[in-house]
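Single-letter residue listing:
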Amino acid sequence: MRKIRLFSLLFLTAACGFIPAFSQESIVVSTSETALCFRAEPGKKLIQTYFGERLNSAAEYETATTGFDAFPTFGGKAIGEAALRVVHQDGNTSSELVYESHTVTADGDVVTTQINLYDPAYPVQVKLFFIAYQKSNLIEQYMEISHTEKKGVVLYDFASSYLTLAAQNYFLTEFHGDWAQEMQMEEQQLYYGTKKIESRAGVRSNQYAHACFLLSENDKAQETSGNVLAGQLEWPGSWEMRFEMDQLGNMHIICGMNPYASQYKLPQKTVFKTPALLFTYSTSGTGTVTRRFHRWAKEYGIHDGERTRLTLLNNWEATYFKFNEDILKGIIEDAADMGFELFLLDDGWFGNKYPRNNDHQGLGDWETNHEKLPNGLGCLVKEATDKGIQFGIWLEPEMINPKSELYEKHPDWVITQPGREIDTQRHQMILDLTNPKVQDYVFSVVDKTMQENPGIAYIKWDCNRFMTNAASPYLKPELQSHLFIEYTRGLFNVLDRVREKYPDTHMMLCSGGGGRIDYATLRYFDEFWISDNTDALERIFIQWGTTYFFPAMALASHVSVVPNHYTGRITPLKFRFDVAMSAKLGMDLQPKDMSEEDKQFAKNAIQEYYGIRDIVQQGDLYRLLSPYKSRRTAMMYVTEDQNKAVVFSYLLKKTINGERTPLVLQGLDPDKHYTLKEINKDPKQYSWFSPLEGKTFSGDYLMKYGLRFTMYNEYDSKVILLEAQ
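These numbers were taken from a predicted model, which means no experiment stands behind them.

Visitor: How do you make sense of the sheet that holds strand 4 (residues 68-69) when you look at a structure like this?
Guide: Where strands meet in a sheet, backbone hydrogen bonds hold them as pairs that are either parallel or antiparallel. If you trace the four strands from one edge of the open sheet to the other, you get 1-2-3-4, paired in antiparallel fashion. Edge positions in the sheet fall to strand 1 (26-30) and strand 4, since each has one partner strand and no second. Pairing geometry for strand 3 (residues 47-53) and strand 4, over two bridges, is antiparallel. Following the sheet pairing, isoleucine 47 is matched in strand 4 by aspartate 69.

Written out as structure tokens, the structure reads:
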């Protein structure tokens with residue numbers, strides 16, 4: 001029989017502001033604005049009956065006339081994409097799931113619905129979980145499967161979620177790229193058949209495609225209008241998203257771990273849990289999607305989302321592997337003098353038998369290099385502390401160079417196919433985190449570094465390659481297909497231990513840039529490094545795509561040298577600062593290489609950033625002009641109380657007659673009046689914003705008529721602060 005906890009339903013009534021009037025055949029998963037509904041009858045298939053904007057009357061969900069299999073299995077009457085495919089111990093390749101019961105529980109803002117299904121012919125149980133976040137209007141869905149077949153079963157498909165939409169047309173925006181080209185956006189209309197985006201990389205799985213999507217109904221995605229489903233899979237391993245348009249024009253969305261080369265032998269009485277798809281359905285465009293994801297992330301998705309993120313100076317682009325103690329002390333002194341809060345020591349500080357003087361050797365040998373740093377890391381930590389700033393360190397504990405002491409001792413710890421030539425990327429290999437001893441070692445790298453150097457406040461955790469020649473020396477031959485899944489589970493085991501022991505340490509998630517950005521991993525990290533590409537023009541596009549799902553408070557963006565080391569492009573210092581200030585500011589450009597004039601500008605810019613940091617890091621993001629559609633791009637952040645806002649505007653291409661597109665603002669209080677002030681000015685540049693400087697306008701005026709000022713020069717940029725009077 002169906003189980004419903006009365007207390008939970010009463011709580012749901014209070015939290016959502018309506019009285020549930022469900023029949024015995026209705027299950028409603030809802031937030032304050034979205035509803036996903038099912039019809040459930042004991043011994044029959046679970047049917048999705050409604051998905052969209054929440055209705056005012058809950059009773060009307062029961063009148064929905066459409067119905068779709070909520071979690072279709074392989075081997076039944078359906079011939080479309082399956083969410084679950086199981087081979088039983090007797091060789092039967094079919095499965096059937098029917099409804100047994102469900103429960104609803106509530107904990108503050110979070111309401112969890114668990115739907116229990118079973119196979120009437122085999123002792124297989126499936127549980128579907130829906131976690132509804134009321135205020136942020138997001139839902140997480142995942143699946144658990146277990147069984148009591150004595151010889152075990154084999155899982156071939158194991159989706160986290162299966163959703164169905166019914167509309168006239170569908171437009172998919174996917175986020176793709178490569179190293180230094182992350183989160184590029186591409187929109188296309190979907191037609192009959194299946195569109196699949198996926199990663200088979202195992203590790204660093206976002207290198208070529210990111211596990212997130214926008215699916216717009218009827219027309220192309222718009223910022224402030226239209227129906228759009230947005231999803232992000234909480235999983236850093238291999239993943240898959242399938243979009244199947246059936247012969248009737250319905251769209252089925254199936255998301256989860258990639259089953260490619262990953263059939264899973266599940267023993268009896270063992271629970272197999274999938275990662276969650278985090279999704280939302282908006283009837284007011286992609287801007288609403290963005291703000292929902294950001295608000296959810298700050299409360300649930302990112303480590304310590306209310307904490308202010310630190311500004312930092314990194315030595316990487318200044319020194320690469322060539323540094324010593326005196327050089328680093330000089331950079332620390334410069335970082336403090338410039339007004340930064342932290343100095344980050346990047347790659348190259350370790351290895352003695354195989355000194356880390358390049359990326360060919362030493363990775364895995366986490367002993368301080370005596371020649372470069374004769375007084376150890378502790379000396380640098382003290383230097384930073386004495387100068388009034390904090391100290392951070394770069395680690396890549398999952399990886400190893402073949403030319404290392406660790407590899408000489410433990411060649412059996414490395415992922416590679418037996419009998420095959422070793423395949424390296426960046427001259428390195430991956431440690432086998434399916435092995436508990438390797439997990440202990442990776443944790444010990446972090447723990448030993450922290451214990452031997454009290455005062456380290458920040459860790460940059462890197463991961464610079466994906467899996468090839470994928471085989472585990474630890475897993476049994478018949479379980480090799482478990483590697484992609486168990487590696488990721490092993491990583492989470494390590495990160496759990498790190499965060500339990502070091503809850504207050506700031507940590508940056510890096511993977512050769514944005515190769516590992518997802519909400520399962522970000523729960524352990526304060527911020528992320530979305531790309532090694534620090535070219536300010538390129539970063540506008542990279543950060544534009546990234547912020548659809550991930551908040552700027554956690555998006556590290558650094559000012560770097562020109563000509564840029566990756567593109568060779570030369571852009572003004574102000575432009576580089578203005579782009580970096582629209583996220584979490586940092587710098588790789590070294591003060592010693594700057595003119596006194598540029599150094600003074602940078603000092604002032606850092607202080608200007610501190611004045612708007614809370615607006616950027618905690619405010620709501622509104623996109624005004626897209627770089628994909630205009631020579632000029634603009635976005636703004638608004639505080640929750642609507643008393644302050646900051647607008648960023650950049651000109652990407654020079655225009656002879658001037659670029660005059662109005663910036664029609666969003667998110668302000670129409671009844672408040674805002675005074676305008678340009679910040680981070682370059683005294684060498686004439687500002688066409690000057691006629692508006694110090695003027696006061698109503699929010700109503702700014703959101704209807706907008707800001708109107710001309711931009712002429714390529715890489716011109718403006719940062720405008722608005723304060724309510």
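Read on for the rest.
Visitor: How should I be thinking about the environment of leucine 707 in this particular structure?
Guide: The topology assignment puts leucine 707 in the loop between helix 12 (699-704) and strand 37 (717-724). For leucine 707, a relative accessible area of 1% corresponds to the buried category. Each C-alpha atom of the pair leucine 707 and phenylalanine 697 lies 9.8 Å from the other, and the pair is ten residues apart in sequence. Setting aside anything within four residues of it in sequence, one finds leucine 707 in contact with Pro662, Leu663, Leu665, Leu676, Leu692 and Leu702.

Visitor: Help me understand the sheet that holds strand 30 (residues 555-559), please; the structure alone is not making it clear to me.
Guide: With respect to topology, eight strands assemble into a closed barrel ordered 22-23-24-27-28-29-30-31, the strand pairing being parallel. With direction set aside, neighbouring strand axes in the sheet form an average angle of 30°. Where strand 24 (residues 390-395) lies against strand 27 (residues 456-461), five bridges are found, and the strand directions are parallel. Considered in strand 27, the bridge of leucine 395 is made with tryptophan 461. Its contacts with the sheet place helix 9 (residues 536-546) against strand 29 (527-529) and strand 30, and it is angled at close to 170° to strand 30. Strands in contact with helix 10 (residues 573-581) are strand 30 and strand 31 (584-587); relative to strand 30, the strand with the most contacts, it is inclined by about 170°.

Visitor: Please clarify how unusual backbone geometry should be interpreted in this entry.
Guide: Phi is mostly negative for residues that are not glycine, and the peptide bonds are mostly trans. Going from valine 562 to proline 563, the amide bond is cis rather than trans, its omega being -5°. Looking at the element boundaries, proline 563 is found in the loop between strand 30 and helix 10. One non-glycine residue, aspartate 304, adopts positive backbone phi at about 50°. According to the relative accessible area criterion, aspartate 304 is partly exposed, its value standing at 35%. At asparagine 680, a position not held by glycine, the phi torsion is positive, near 55°. Along the chain, the position of asparagine 680 falls in the loop between strand 35 (673-679) and strand 36 (696-698).

Visitor: What is the right way to look at helix 7 (residues 436-452) in this model?
Guide: A rise of 1.5 Å per residue sets the reference length of helix 7, with its 17 residues, at 24 Å; its end C-alpha atoms lie 24 Å apart and thus fit the reference within 8%. Of all the bends in helix 7, the largest measures some 25° and sits at serine 444. Considered for burial, the residues of helix 7 that qualify are Val438, Gln439, Tyr441, Val442, Phe443, Val445, Val446, Asp447, Thr449 and Met450. Among the structural elements, helix 5 (376-386), strand 24, helix 6 (405-409), strand 27 and helix 8 (483-501) are those in contact with the buried residues of helix 7. Of the residues flanking the start of helix 7, the one acting as N-cap is asparagine 435, its side-chain oxygen 2.9 Å from the backbone nitrogen of lysine 437.

Visitor: I'm lost on the packing of helix 4 (residues 325-338) against helix 5 in this one. Help?
Guide: Packed helices, taken two at a time, are described by the angle between their axes plus the distance between the axes. In contact at an axis separation of 10 Å, helix 4 and helix 5 are set at 25° when each is read in the N-to-C sense. Here helix 4 is positioned roughly parallel relative to helix 5, judged by the angle of their axes. Where helix 4 crosses over helix 5, the handedness of that crossing is right-handed. When helix 4 is examined against helix 5, the residues Glu325, Leu328, Lys329 and Ile332 are found in contact with a partner set consisting of Cys379, Leu380, Glu383 and Ala384. Its residues placed into classes, the contact of helix 4 with helix 5 shows five nonpolar, no polar and three charged.

The rules behind these values
Residues numbered from 1 in each chain as written. Predicted model: local features only at pLDDT ≥ 70, side-chain atom pairs only at ≥ 80, totals over all residues. Heavy atoms only, no water. Pairing = 2+ DSSP bridges. Helix = DSSP H or I, 4+ residues; strand = E, 2+ residues; numbered from the N terminus. Buried < 20%, exposed > 50% of the residue type's maximum accessible area, 1.4 Å probe, protein only. Contact = heavy atoms within 4.5 Å. Axes fitted to C-alpha atoms, helices over the stretch in contact; angles between N-to-C directions. Expected span 1.5 Å × (residues − 1). Bend = angle between axes of the 7 residues up to and from the residue. Polar contact = N/O pair within 3.5 Å; in protein donor to acceptor, adjacent residues only side chain to side chain. Parallel < 35°, antiparallel > 145°, perpendicular 65-115°, else oblique. Left-handed = near helix turned anticlockwise from the far one by under 90°. Nonpolar A, V, L, I, M, F, W, Y, C, P; charged D, E, K, R; others polar.

Shape descriptors only; they carry no functional weight alone.
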